[in-house]
Amino acid sequence: MFYQFPENFTWGVATAAAQIEGGAYEDGRGLSIWDVFAGIPGAIKKGGRPEVACDSYHLVERDVEMMKELGINSYRFSFSWSRILPDGTGKVNEAGIAYYKKLIRLLKENGIRPNATMYHWDLPYQLQLQGGFGNRQIVSWFTEYAKVLLDNFGDDVDFWVTFNEPIATYVGYSAGFFAPGLHNEKYARQALHHLLLCHGEAVKLFRTYHFEHAKIGIVVDIWKHYPGRPGNEEDEAMALTGNEIRGFGMFLHPLFLGGYSKELLAYFHENDLMPVVEEGDFETIRQPIDFYGLNFYNGLYDDAEKMREREKQRKEGGNYQDRPESHPEAVCDVLHMLVEKYHLNIPIYITENGLPYDDEEGKEANLNDDRRIDYVKDVLKWAHKAIEEGIDLRGYYLWSLMDNFEWSAGYCARYGLYYTDYETLERIPKKSAKWYADVTRRNGFEA
Ligand code: IFM
């Protein structure tokens, strides 16, 4: 059967500054929390550091060439805050502006629409020293940064994303295995509240420009939890926690329904975690946006018994996808949930989806990545079904253009359509790159 996608469907790939750019100490860039965190022994698997990464700071032409080979019509990337404002606020680094101007120019010359994220986890270290997202002043710091971006790149960017996966800040402030490596849930909850305010203020600021083309949205990843054994009390409670207390509900409720959910409020009160909320905060957070970006990787079935077993065997540097099961079908349910539970009536884009290979599987296996092709096909089939059922899904971005710095998993998890040789920085197309080029050319695929 051929899965035909709607006319004008957006086909893209996604990356993020800290994961691909490198050039960490060049042309006036300031340090980010990930540069510093990666220097802590044991923080990153096999001691990987983001200083060079894929060196896209110097190899941007090659990156755009690869996008042309893939035939994509949109590229999702992020701005590095500390390349634009090395201290987080104040002096603008013109070399940083020039780098992104060049990238955007190259994209436009090749008919590729920019989809740019303001914040993809790499807070300037100087701001972390002042409390980072835990300090309410972050709202004015972020708004200042957003203004620099909108002044310089405004209508040249088709899709503006305020934040990518806000949950990473929660992980970094409460669970310690993401930058900045803190273990303080109360602080983390306050930080998330401030982050949502930053989003709201950035959207308000964006509206004052009245751009002709540019649209604004947010990207929230959804790993929907289901009880492994429906009806089992422990599993049901785990799934509820995974969704409402430690998952997407933390963001989607305030963004689209207003305020925190009753489950989250109860948890805050029981555990003395209620963040300081000022009058008007929830109105600021709940700004109308133009599109929603869904990062979808898997559906999760919580079976308390099995999870206890797995916890004992947890590997160093485990990443998001270290559960053995695969539930591509959950994407269809998640898309419906966005409309039915959160009342979204704006276009939705799958802004990330993909599958990692372990570096240890070896280069040959990595280049012949049938498992990735099969998984992406499965997700796309279910996304196609959702479209047939009336969901306004407008596009799909594969994570990622090339293998890159996978946060705490360092260079051990490879997600790319192109294989990155970290010695030579050569990018080599994998089997999936050829397959995806065919998908974008035919606006669909055979399965
Ligand atoms: O690499 C990350 C990306 O930065 C955010 N979403 C998930 C990807 C794979 O783990």
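Structure report, in brief.

1. What about the overall build of the protein chain?
- The secondary structure content of the protein chain amounts to 18 helices and 16 strands.
- Computed over the C-alpha atoms, the radius of gyration of the protein chain is 21 Å, within 12% of the 22 Å expected from 2.2 N^0.38 for a compact globule of 447 residues.
- Each principal axis of the C-alpha distribution contributes one length, and for the protein chain these read about 55 × 55 × 45 Å.
- When burial is assessed residue by residue, the protein chain has 61% of its 447 residues classed as buried.
- Carbon and sulfur atoms provide 51% of the accessible area of the protein chain, an area that totals close to 17100 Å².

2. Details of the site of the ligand
- Around the ligand, a shell composed of 12 residues is seen, among which Gln19, His120, Glu165, Glu352 and Glu406 lie nearest.
- Here His120 contributes a side-chain N or O atom positioned 2.8 Å from an oxygen atom of the ligand.
- Its residues assigned to classes, the shell around the ligand comprises 6 nonpolar, 3 polar and 3 charged.

3. Things to note about the packing of aromatic side chains
- Taken as a whole and assessed by the stated rule, the structure comprises 47 aromatic pairs.
- Relative to Phe163, the ring of Phe142 has its centre 4.7 Å away and its plane inclined at 25 degrees; by these criteria the two rings are stacked. One end of the pair, Phe142, is in helix 7 (residues 138-153); the other, Phe163, is in strand 5 (residues 159-164), and 21 residues separate them in sequence.
- Here Phe142 falls in the buried class, since its relative accessible area comes to 0%.

4. Quick word on the side chain of Asn443
- Residue placement: Asn443 occurs in the loop between helix 18 (431-442) and strand 16 (444-446).
- Residue classification places Asn443 among the buried positions, given a relative accessible area of 16%.
- A polar atom in the side chain of Asn443 sits 3.2 Å from the backbone oxygen of Pro6.
- Contacts of Asn443, omitting those with residues within four sequence positions, involve Tyr3, Gln4, Phe5, Pro6, Glu7, Phe9 and Trp11.

5. As for the packing of helix 10 (residues 233-245) against helix 14 (residues 304-312)
- Their axes nearest at 9 Å, the elements helix 10 and helix 14 cross at an angle of 70 degrees. Relative to helix 14, the element helix 10 is oriented roughly perpendicular. Across from Glu234, Asp235 and Met238 in helix 10, the residues of helix 14 making contact are Ala304, Met307 and Arg308.
- For the contact of helix 10 with helix 14, a count of residues per class yields 3 nonpolar, no polar and 3 charged.

6. Remarks on helix 17 (residues 370-388)
- When the terminal C-alpha atoms of helix 17 are compared, their 27 Å separation across 19 residues agrees well with the 27 Å that a helix rising 1.5 Å per residue should span.
- Listing the buried residues of helix 17 in full gives Arg372, Ile373, Tyr375, Val376, Lys377, Val379, Leu380, Ala383, His384, Ala386 and Ile387.

7. Remarks on the pattern of salt bridges
- Inspection of the entire model under this criterion finds 37 salt bridges.
- In this structure, the salt-bridge partner of Glu51 is Arg49, at a minimum N-O distance of 3.4 Å.
- Owing to a relative accessible area of 22%, Glu51 belongs among the partly exposed residues under this scheme.
- Among the ionic pairs, Arg105 bridges to Glu109, the shortest N-O distance being 3.1 Å. Separated by 4 residues within a single helix, Arg105 and Glu109 lie in helix 5 (residues 94-109), roughly one turn from each other.
- For Arg105, a relative accessible area of 42% puts it in the partly exposed group.
- Owing to a relative accessible area of 54%, Glu109 belongs among the exposed residues under this scheme.

8. Remarks on unusual backbone geometry
- Geometrically, the link from Ala179 to Pro180 is a cis peptide bond, its omega value of 5 degrees lying close to zero.
- Among the structural elements, Pro180 can be located in the loop between helix 8 (167-175) and helix 9 (185-207).
- Omega for the peptide link from Trp399 to Ser400 comes to 20 degrees, which places this bond in the cis form.
- When you line up the elements, Ser400 lands in the loop between strand 12 (393-399) and strand 13 (413-414).
- Of note in this structure, Asn8 is not a glycine but carries a positive phi near 65 degrees.
- With respect to the secondary-structure elements, Asn8 resides in the loop between strand 1 (2-4) and strand 2 (10-14).

9. Describing the side chain of Thr117
- One can find Thr117 in strand 4 (residues 113-119).
- Polar side-chain contacts of Thr117 include one of 3.3 Å to the side chain of Arg76.
- Sequence-distant contacts of Thr117, defined by excluding residues within four places in its chain, comprise Arg76, Phe77, Ser78, Phe79, Val161, Thr162, Phe163 and Asn164.

10. Points about the nonpolar core
- In this structure, Phe79, Trp160 and Tyr292 are the most contacted members of the largest nonpolar core, which totals 136 residues.
- Considering every element that reaches this core, the biggest residue donor is helix 9, with 11 residues.
- Ranked by size, the runner-up nonpolar core spans 15 residues in total, among them Trp223, Phe291, Leu300 and Ala409.

11. Observations concerning helix 10
- With 13 residues, helix 10 should cover 18 Å at 1.5 Å per step; its first-to-last C-alpha distance of 17 Å lies within 8% of that length.
- Of all the residues in helix 10, the buried ones are Asp235, Ala239, Gly242, Asn243, Glu244 and Ile245.
- Along its buried surface, helix 10 packs onto helix 9, strand 7 (225-227), helix 11 (249-257), helix 12 (262-271), strand 9 (300-302) and helix 14.
- At the N-terminal boundary of helix 10, the capping side chain belongs to Asn232, with an oxygen 3.0 Å from the backbone nitrogen of Glu234.

12. Some thoughts on the environment of Ala98
- Structurally, Ala98 is set in helix 5.
- For Ala98, a relative accessible area of 43% corresponds to the partly exposed category.
- Residues Ala98 and Asn152 lie 54 residues apart in sequence; the distance between their C-alpha atoms is 9.8 Å.

Reading the values: the criteria
Residues numbered from 1 in each chain as written. Predicted model: local features only at pLDDT ≥ 70, side-chain atom pairs only at ≥ 80, totals over all residues. Heavy atoms only, no water. Helix = DSSP H or I, 4+ residues; strand = E, 2+ residues; numbered from the N terminus. Rg over C-alpha atoms; globule rule 2.2 N^0.38 Å. Buried < 20%, exposed > 50% of the residue type's maximum accessible area, 1.4 Å probe, protein only. Areas by Shrake-Rupley, 256 points an atom, 1.4 Å probe, with all protein chains shown as cover. Near = heavy atom within 4 Å. Polar contact = N/O pair within 3.5 Å; in protein donor to acceptor, adjacent residues only side chain to side chain. Nonpolar A, V, L, I, M, F, W, Y, C, P; charged D, E, K, R; others polar. Phe/Tyr/Trp six-rings, centres within 6.5 Å; stacked < 30°, edge-to-face > 60°. Contact = heavy atoms within 4.5 Å. Axes fitted to C-alpha atoms, helices over the stretch in contact; angles between N-to-C directions. Parallel < 35°, antiparallel > 145°, perpendicular 65-115°, else oblique. Expected span 1.5 Å × (residues − 1). Salt bridge = Lys/Arg side-chain N within 4 Å of Asp/Glu carboxyl O. Core = buried A, V, L, I, M, F, W, Y, C linked by side-chain atoms within 4.5 Å.

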